[in-house]
Amino acid sequence: MTFTTLIVSDINKLKVRKMSNFNFSKRSVEHMQGVDPDLIVIFTEAIKTCPIDFGVPVTGGLRTVKVQGKLFIDNKSKCDGILSISNHQTGNALDFYAYINKKASWDKVHLSIIAGVIMATAKRLLKEGKISIKIKWGGEFGSQSFHGWDYPHIEVVV
Ligand SMILES: [Zn+2]
């Protein structure tokens, strides 16, 4: 099964709306505070057309050294926050999770669909002059295709 077939069959299975018009919860909006304003513009625009609802987790936005260090200790990040600085500490990254059937999902297919919408939205907004940043998806880290390791992660290309 090709990746595209997988995505299409998954969308059908989910019985999601084709044009969603989802909106971020108050919590997700709070979790985005302090990151690059263009990242917030991209996410806020992307959720309106994404076939899968999504949110921003509590540590998905701007992180303090302390929070970053805790994620490192818990094996949830490769950056310790001091010797290796995460893009989350400079406000240049945002994480997301899929929200399906009232539950958070970190399923790679779900995250890939959302990432695709976010990437396409960013491209369009840049073309329209509404943002001035380019972004990169963590699902492509260390690889040419879909074999990266950080599926829930989007960061500014600096
Ligand atoms: Zn991240």
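Below, the structure is looked at part by part.

Rules of the game
- Residues numbered from 1 in each chain as written.
- Predicted model: local features only at pLDDT ≥ 70, side-chain atom pairs only at ≥ 80, totals over all residues.
- Helix = DSSP H or I, 4+ residues; strand = E, 2+ residues; numbered from the N terminus.
- Buried ≥ 20, exposed ≤ 12 C-beta atoms within 10 Å, placed from the backbone.
- Pairing = 2+ DSSP bridges.
- Axes fitted to C-alpha atoms, helices over the stretch in contact; angles between N-to-C directions.
- Contact = placed C-beta atoms within 7 Å.

Description of the overall build of the protein
In terms of regular secondary structure, the protein is built from 5 helices and 6 strands. In the protein, the succession of helices and strands from N to C terminus is α-α-α-β-α-β-β-β-α-β-β. Expressed as a percentage of its 158 residues, the buried residues of the protein come to 32%.

Quick notes on the sheet that holds strand 2 (residues 93–95)
The pairing of strands in a sheet comes from backbone hydrogen bonds and takes either a parallel or an antiparallel form. One open sheet holds the 3 strands; their spatial order is 2-6-5, and the pairing between them is antiparallel. Two strands lie at the open edges of the sheet, namely strand 2 and strand 5 (135–137), each paired on one side alone. Put simply, the sheet's adjacent strands are angled 20° from each other on average, direction ignored. Here strand 2 runs beside strand 6 (residues 153–156); their pairing, made up of 3 bridges, is antiparallel. Its bridge partner being in strand 6, Asp-95 is matched across the sheet by His-153.

Quick notes on the environment of Phe-72
Along the chain, Phe-72 falls in helix 4 (residues 65–73). Beyond its immediate sequence surroundings of up to four residues, Phe-72 is in contact with Ser-77, Cys-79, Asp-80 and Gly-81.

Considerations on the environment of Trp-149
One can find Trp-149 in the loop between strand 5 and strand 6. Trp-149 sits 41 residues away from Lys-108 along the chain, and the two C-alpha atoms are 9.9 Å apart.

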